[in-house]
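Letter by letter, the chains look like this.
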Amino acid sequence: MYLTLRDSEIREHYRRAKPVYEVLATVGEYPTIGLNDFVGWYIKRDQIDVEVVESGFPRRGRVAQLDRDYEEICDRLDRTLYAITTYKTPGAFQRWEPCRYDEEEERTVWQDEAPTPGYADLRAIPAWGDVDLADDVKAQRGELEADTTRLIEETLAAYVDEFARLYGTLDAVYALDSVGGAYVFGAPEATLPIVDHFSDDVDALERVFDAFLDRSNEWLRGAEKRVNEWVDGAGDVIQPDWVNNKNRQYKPPLSIHADHNAVVTPLETEDVQYELCRFEAVDEETFDRAVAWAQEFTRIEHTDCVESLVANLWPDEYEAQGGWRAALDAWVEAECEREQERRERREQARRQRQERVAESSGSLERQSITPFKQDVYDAVQQVDISEIARHYASDVYDTDPNQPRPQFDPSWRYSESGQSCFVDEQSNTFGDSKVNAGGGPAMLMALATGIISDATDDLDGEDYWAAVDELRSAGYDIPVWVPEAGSDRDDGSVSDQMPFWAVRKAAVALGICSEDAFVDREGDAGSYEGFPDYETYNETLVAIEEAGLDHGRELVVPEDGREVQGDEPEEAGDADSVAGTSRDKLREENRRLSEKVERLESTLADKSRRIEDLEAEIETLRSELESVRSDRDRLKTTIEADETNRASTTEANEEGSDDTSLLSRARRSLFSN
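Residues numbered from 1 in each chain as written. Predicted model: local features only at pLDDT ≥ 70, side-chain atom pairs only at ≥ 80, totals over all residues. Heavy atoms only, no water.

*Asks:* Could you clarify how one ought to interpret the overall build of the chain in this entry?
*Replies:* Tallying secondary structure elements over the chain gives 20 helices and 24 strands in all. Taking all 673 residues of the chain together, the buried fraction comes to 47%. Pairs at least 24 apart in sequence give 68% of the contacts found in the chain among residues at least 6 apart. As displayed, the chain offers around 34800 Å² of accessible surface, 45% of which is attributable to carbon and sulfur atoms. (Helix = DSSP H or I, 4+ residues; strand = E, 2+ residues; numbered from the N terminus. Buried < 20%, exposed > 50% of the residue type's maximum accessible area, 1.4 Å probe, protein only. Contact = heavy atoms within 4.5 Å. Areas by Shrake-Rupley, 256 points an atom, 1.4 Å probe, with all protein chains shown as cover.)

*Asks:* I tried to follow the pattern of salt bridges on my own but got confused; where do I start?
*Replies:* Oppositely charged side chains can form a pair if their charged atoms are brought close together. A complete count under the given rule lists 25 salt bridges for this structure. Linking Asp460 and Arg107 is a salt bridge whose minimum nitrogen-to-oxygen distance equals 3.5 Å. A residue pair is termed long-range when its members are at least 10 positions apart, and Asp460 in the loop between helix H15 (441-448) and helix H16 (461-473) and Arg107 in strand E9 (residues 107-110) qualify at 353 residues. Accessibility expressed as a relative area gives 35% for Asp460, which makes it partly exposed. Owing to a relative accessible area of 32%, Arg107 belongs among the partly exposed residues under this scheme. Here Arg413 ties to Asp432 by a salt bridge, and the two come within 2.6 Å at their closest N and O atoms. (Salt bridge = Lys/Arg side-chain N within 4 Å of Asp/Glu carboxyl O.)

*Asks:* Would you explain the sheet that holds strand E4 (residues 42-46) in this entry?
*Replies:* Backbone hydrogen bonds hold the strands of a sheet together, and the pairing may be parallel or antiparallel. Pairing in this open sheet of four strands is antiparallel, and the strands run E4-E5-E8-E9 from one edge to the other. Each edge of the open sheet is held by one strand with a lone partner, namely E4 and E9. If you compare each strand with its neighbour and ignore which way they point, the axes differ by 45° on average. Sheet analysis places strand E5 (residues 59-63) next to strand E8 (residues 97-102), joined by three bridges and oriented antiparallel. Among the inter-strand pairings, Gly61 is bridged to a residue of E8, identified as Glu97. (Pairing = 2+ DSSP bridges. Axes fitted to C-alpha atoms, helices over the stretch in contact; angles between N-to-C directions.)

*Asks:* It is not clear to me how the side chain of Thr155 should be interpreted in this structure. Could you clarify?
*Replies:* With respect to the element layout, Thr155 can be found in helix H5 (residues 146-167). Take Thr155: its relative accessible area is 0%, and that puts it in the buried class. Excluding its chain neighbours within four sequence positions, the residues that come into contact with Thr155 are Val227, Val231, Ala234, Val237 and Ile238.

*Asks:* Looking at this model, I keep getting lost on the packing of aromatic side chains. Mind explaining?
*Replies:* Ring pairs (aromatic) are described by centroid distance and by the angle formed between their planes. Taken as a whole and judged by the stated rule, the model has 27 aromatic pairs. Between Tyr174 and Trp293 the ring centres are 6.3 Å apart and the planes differ by 80°, which places this aromatic pair in the edge-to-face class. Placement of Tyr174 in strand E12 (residues 173-177) and of Trp293 in helix H9 (residues 284-298) is noted, with a sequence separation of 119 residues between them. Note on accessibility: Tyr174 and Trp293 belong to one class, buried. Pairing Trp293 with Phe297 gives two aromatic rings, centres 5.0 Å apart and planes at 10°, and the pair type is stacked. Of the two residues, Trp293 and Phe297 are both situated in helix H9; the distance of four residues between them amounts to about one turn of the helix. Overall, Trp293 belongs to the buried group, its relative accessible area being 7%. On the basis of relative accessible area, Phe297 is assigned to the buried category, the value being 1%. (Phe/Tyr/Trp six-rings, centres within 6.5 Å; stacked < 30°, edge-to-face > 60°.)

*Asks:* What's the story with the environment of Arg278 in this structure? I'm lost.
*Replies:* For Arg278, the location among the structural elements is in the loop between strand E15 (265-267) and H9. Since its relative accessible area comes to 36%, Arg278 is described here as partly exposed. Sequence spacing of Arg278 and Gly142 is 136 residues, and the spatial spacing of their C-alpha atoms is 8.5 Å. When sequence neighbours within four positions are dropped, the list of residues in contact with Arg278 reads Gly142, Asn261 and Ala262.

*Asks:* Sorry, what's going on with the pairing of E5 here?
*Replies:* Regular strands show a simple pattern: their side chains alternate between the two faces of the sheet. With respect to burial, E5 is a largely interior element, four of its five residues being buried. Here five bridges tie E4 to E5, and the two strands are oriented antiparallel to one another. In the sheet register, Arg45 faces E5, and the bridge partner there is Arg60.

*Asks:* I tried to follow the sheet that holds strand E14 (residues 249-250) on my own but got confused; where do I start?
*Replies:* Spatially, E3-E6-E14 is the arrangement adopted by the three strands of the open sheet, whose pairing is antiparallel. Since the sheet does not close on itself, it has two edges, and those belong to strand E3 (34-36) and E14, each with one partner. Two elements, E3 and strand E6 (residues 81-84), share three bridges in a ladder whose sense is antiparallel. Its bridge partner being in E6, Leu35 is matched across the sheet by Tyr82.

*Asks:* Whenever I open this one, the packing of helix H1 (residues 7-24) against H9 confuses me. Can you help?
*Replies:* Angle between the axes and distance between the axes are the two parameters that describe a pair of packed helices. Here H1 crosses H9 at 20°, and the two axes come no closer than 7 Å. With respect to H9, the axis of H1 lies roughly parallel. Taken as a pair, H1 and H9 cross one another with a handedness that is right-handed. Along its contact with H1, which presents His13, Arg16, Ala17, Pro19, Val20, Val23 and Leu24, the element H9 presents Glu284, Phe287, Ala290, Val291, Trp293, Ala294, Gln295, Phe297 and Thr298. Residues belonging to the contact of H1 with H9 are distributed by class as follows: eleven nonpolar, three polar and two charged. (Parallel < 35°, antiparallel > 145°, perpendicular 65-115°, else oblique. Left-handed = near helix turned anticlockwise from the far one by under 90°. Nonpolar A, V, L, I, M, F, W, Y, C, P; charged D, E, K, R; others polar.)

*Asks:* Mind showing me how you'd approach unusual backbone geometry here?
*Replies:* Peptide bonds are mostly trans, and most non-glycine residues show a negative phi. Positive phi, normally seen in glycine, also occurs at Asp37, with a value near 50°. Positionally, Asp37 belongs in the loop between E3 and E4. Its identity as a non-glycine residue notwithstanding, Leu254 has a phi of 75°, on the positive side. Tracing the backbone shows Leu254 in the loop between E14 and E15.

*Asks:* What is the right way to read the environment of Thr169 from this model?
*Replies:* With respect to the helices and strands, the residue Thr169 is situated in the loop between H5 and E12. Owing to a relative accessible area of 24%, Thr169 belongs among the partly exposed residues under this scheme. In sequence terms Thr169 and Ser308 are 139 residues apart; their C-alpha atoms lie 9.1 Å from each other. Once residues lying within four places of it in the same chain are set aside, the contact partners of Thr169 are Ala164 and Cys305.

*Asks:* When you look at a negative patch on the surface in this model, what are you seeing that I'm missing?
*Replies:* Together, Asp171, Glu268, Glu270, Asp271, Glu296 and Glu301 make up a region of like negative charge exposed at the surface. Relative to the helices and strands, Asp171 is located in the loop between H5 and E12. What makes Asp171 exposed here is its relative accessible area of 51%. (Patch = residues over 30% accessible without salt bridge, like charges linked within 9 Å, V, L, I, M, F, W, Y side chains within 5 Å. Lys, Arg positive; Asp, Glu negative; His and termini not counted. Charge placed at Lys NZ, Arg CZ, Asp CG, Glu CD.)

*Asks:* Explanation requested: the packing of H5 against helix H10 (residues 306-313) in the structure shown.
*Replies:* At their nearest, the axes of H5 and H10 sit 6 Å apart, and the two run at 100° to each other. On the basis of their axis angle, the class for H5 and H10 is roughly perpendicular. Seen from H5, the contacting residues are Arg165, Leu166 and Tyr167; seen from H10, they are Ser308, Leu309, Asn312 and Leu313. Taken together, the residues of the contact of H5 with H10 sort by class into four nonpolar, two polar and one charged.

*Asks:* Would you mind going over helix H18 (residues 534-546) with me for this structure?
*Replies:* The end-to-end C-alpha distance of H18 is 18 Å, a good match for the 18 Å that 13 residues give at a rise of 1.5 Å each. For H18, the set of buried residues is Tyr534, Thr536, Tyr537, Asn538, Thr540, Leu541, Ala543 and Ile544. Of the residues flanking the end of H18, it is Gly548, one or two places downstream, whose phi is positive at about 90°. (Expected span 1.5 Å × (residues − 1).)

*Asks:* It is not clear to me how the side chain of His302 should be interpreted in this structure. Could you clarify?
*Replies:* Along the chain, His302 falls in the loop between H9 and H10. At 3.2 Å, the side chain of His302 forms a polar contact with the backbone oxygen of Asp171. Residues within four places of His302 in sequence aside, it is in contact with Asp171, Ala172, Tyr174, Ala187, Glu189 and Ala190. (Polar contact = N/O pair within 3.5 Å; in protein donor to acceptor, adjacent residues only side chain to side chain.)

Below, the structure written as structure tokens:
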């Protein structure tokens with residue numbers, strides 16, 4: 001189990017291991033990322049652009065390169081070194097982005113997007129799996145019984161064989177003893193021919209590599225089922241994690257495990273020997289073996305494996321086209337068509353949402369208001385996430401009824417299996433297995449509506465509130481946050497009145513006016529969106545007070561021409577010198593009433609049509625009821641008459657049975673036959 005190592009021992013170990021990571025860092029010209037203790041993704045420097053510094057971003061950062069930044073990575077390393085499974089274009093390591101560190105949240109905040117490489121940056125990509133030990137077995141590592149060790153070795157050998165099947169040769173398969181299990185890799189250089197083939201089409205390359213990782217994960221899930229069938233007890237000792245993605249971390253050779261005083265070492269794929277290498281047992285031979293493994297792993301000698309990879313991962317296209325290039329070309333063309341269809345479905349869904357909003361005269365209308373953000377957060381968390389997944393975020397829902405958690409085909413991206421996302425009804429969250437991320441109802445709605453495009457994206461600031469508005473548009477009862485007078489501002493000061501934007505939101509939420517009723521006005525500080533007239537403004541203030549909130553504002557009195565003053569640039573001249581604009585006021589009032597008349601007429605027409613339809617249905621039902629009732633009564637009468645006749649005949653037969661003539665009995669016998 002975990003034993004403390006001295007900092008000096010750890011630093012000396014990684015100093016001696018540097019040659020391993022210098023070799024491992026690149027495949028050809030393509031580098032990979034290195035990071036410390038699962039968190040140190042970026043190299044940061046002071047910002048040199050004065051304007052950017054003044055805007056609140058005094059630092060800039062880029063992703064850390066395993067070899068070039070090795071010294072800095074080690075300087076901040078506590079215990080465990082990580083590398084990334086995929087190798088990227090060199091340009092991915094040259095993107096500096098402005099940033100700052102949020103001490104309270106303990107995270108880096110980027111001015112725009114984090115400079116983390118995407119699928120378009122990928123070049124050399126191995127199919128990869130974390131072939132993990134079962135939890136109860138992992139805890140015994142270093143003290144495993146002989147029978148358990150033999151079963152683990154047999155199971156790992158079976159997984160190595162599956163990778164050999166995927167790549168077409170055992171020579172292209174590599175493995176590491178990760179201490180808590182094993183890592184198995186295919187040759188990363190096997191994807192380089194795909195890079196050459198799509199060198200002039202970045203979009204196609206991005207699509208193919210996105211699908212490559214998705215399909216390889218799915219293929220290996222099938223391999224797991226085969227191994228568990230072949231090796232008796234395999235599932236009891238090995239429980240793999242098939243979640244490789246564009247930036248998946250793993251512990252490279254000689255990295256120190258977090259919970260064991262042991263290091264990662266190479267595994268022979270031809271003869272798997274599962275023997276723990278304790279930290280104190282590391283010697284020169286251990287370092288030499290690690291360097292040799294890294295050299296073999298990054299050597300470019302298995303590019304011909306691309307044929308087997310495509311044949312296994314795109315079997316339908318490969319069979320139809322007869323070659324890997326033609327197969328991928330055909331798939332890309334079909335995928336572009338599918339993407340267009342998905343885009344059209346999303347656009348249709350967007351129009352339908354807009355229509356629902358228009359019918360309800362605004363997405364926020366008739367909602368409750370609250371001065372507490374937590375009320376909004378709590379209401380969002382109460383939204384049934386399975387409903388969001390079923391109706392908004394999936395092309396097909398519950399794609400595998402045999403699974404304990406509902407699986408679904410996500411609407412925001414392509415999923416080959418249609419099962420790479422799931423809903424956890426217990427925690428009211430969803431997960432995206434492809435990127436090993438997920439979230440709650442707001443996150444899922446944001447993906448469904450295109451506010452964000454990936455489950456790994458942060459949902460904060462305006463994006464979060466946009467997702468909340470989308471939930472309201474879908475009909476969920478979520479209160480509108482309206483900060484009161486005396487609320488803290490972002491700059492630390494206290495507002496002496498309710499912000500003007502909050503007054504507007506309250507007006508819509510409380511049903512005073514619709515979102516499109518506000519008009520563009522000019523104030524001392526420039527244009528702003530104002531109320532249509534002072535009556536609507538005053539009515540809003542009264543409604544806010546009745547809701548129990550303190551707005552800290554005064555009603556507009558038209559006789560003295562008083563203006564509503566605000567504390568934000570948009571709020572200056574809020575009442576628009578009401579007393580001097582009576583004609584404008586009348587026009588605005590007329591416009592507002594006209595809109596209300598139009599809205600009410602439309603609602604009345606819809607309901608009238610519905611009443612007419614219902615009346616027609618009622619008339620049809622009445623007619624059908626009368627017809628069925630008549631048939632029933634006729635049949636009832638016939639049945640009663642028949643029963644009466646039968647009873648009379650039986651009675652007559654019983655009374656005259658003794659003196660019935662021979663001729664009568666003969667007649668009855670004849671007719672009965």
